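Results of the structural survey
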Amino acid sequence: MRPGLIILAASLVAASGADAQTSTTGVASSSSSKSMGELVSEGYEIKSAVPNGSTFIVFLQKDNSAYACEFATVASSRCGAIN
């Protein structure tokens, strides 16, 4: 993983755990949605991150399960299962 990507991922993980499920932060609150902090604590690993306009898409994987997290800002993100 590139150094810049590691710094981005670390800051996103740190910020995602604090207030990740409230509607005021713009995070999806459906039952299939999880915060990046929850996913990392469950053993998911960051596999890649790509810019998408003004957001970043971070892909996480554990065994045969994967999630994609979209980050508009550090406080505004949403994650969902992609398989």
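A brief look at the structure comes next. (Residues numbered from 1 in each chain as written. Predicted model: local features only at pLDDT ≥ 70, side-chain atom pairs only at ≥ 80, totals over all residues. Heavy atoms only, no water.)

1. Quick notes on the sheet that holds strand β4 (residues 76-81)
Defined as follows: We call two strands paired when DSSP finds no fewer than two bridges between them. In DSSP terms, a helix is any run of H or I states spanning at least four residues, a strand is any run of E spanning at least two, and both are numbered starting from the N terminus. Axis definition: a line fit to C-alpha positions, over the contact stretch in the case of helices; interaxial angles, taken between N-to-C directions, run 0 to 180 degrees.
The four strands are arranged β1-β2-β3-β4 in an open sheet whose pairing can be described as antiparallel. Sheet topology places β1 (45-52) and β4 at the edges, where each strand pairs with a single neighbour. Taken pair by pair, the neighbouring strands of this sheet meet at an average axis angle of 20°, ignoring direction. As defined by bridge partners, β1 adjoins strand β2 (residues 55-62) across seven bridges and the pair is classed as antiparallel. In the sheet register, Val50 faces β2, and the bridge partner there is Ile57.

2. A few points about the pattern of salt bridges
Worth spelling out the cut-off: By convention in these notes, a salt bridge is any Lys or Arg side-chain nitrogen within 4 Å of a carboxyl oxygen on Asp or Glu. Only protein chains enter the accessibility calculation, which uses a 1.4 Å probe. A residue is then buried if its area is under 20% of the maximum for its type, exposed if over 50%, and partly exposed in between.
Applying the stated criterion across every chain yields a total of three salt bridges. The shortest N-O distance in the salt bridge between Glu42 and Lys34 comes to 3.0 Å. Owing to a relative accessible area of 34%, Glu42 belongs among the partly exposed residues under this scheme.

3. Focus on the environment of Cys69
Condition: In what follows, residue pairs with any heavy atoms lying within 4.5 Å of each other are defined as contacts.
Note on placement: Cys69 falls in strand β3 (residues 65-73). Considering only alpha carbons, one finds Cys69 and Ser35, 34 residues apart in sequence, at a separation of 8.3 Å. Contacts of Cys69, omitting those with residues within four sequence positions, involve Met36, Leu39, Phe56, Ile57, Val58, Leu60, Arg78 and Cys79.

4. Overview of the state of the cysteines
Counted only if it meets this: A pair of cysteine sulfur atoms is labelled a disulfide when the two atoms are within 2.5 Å.
This model, assessed by the stated rule, comprises one disulfide. Disulfide pairing is shown between Cys69 and Cys79; the S-S distance is 2.0 Å. When the S-S torsion is 115°, as for the bridge of Cys69 with Cys79, the disulfide is right-handed. Separated by 10 residues along the polypeptide, Cys69 in strand β3 and Cys79 in strand β4 bring together distant segments of the chain. Of the two residues, Cys69 and Cys79, both sit in the buried class.

5. A word on the environment of Ser35
Examined against the element boundaries, Ser35 turns out to sit in the loop between α1 (3-16) and α2 (36-41). By relative accessible area, which is 6% here, Ser35 ends up buried. Measuring from C-alpha to C-alpha, the distance between Ser35 and Cys79 comes to 6.2 Å, with 44 residues separating the pair along the chain.

6. Considering the pairing of β4
Relative to β4, β3 is paired through six bridges, and the arrangement is antiparallel. Residue pairing in the sheet places Phe71 in a bridge with Ser77 of β4. If you look at the hairpin formed by β3 and β4, you'll find two residues sitting between the two strands.

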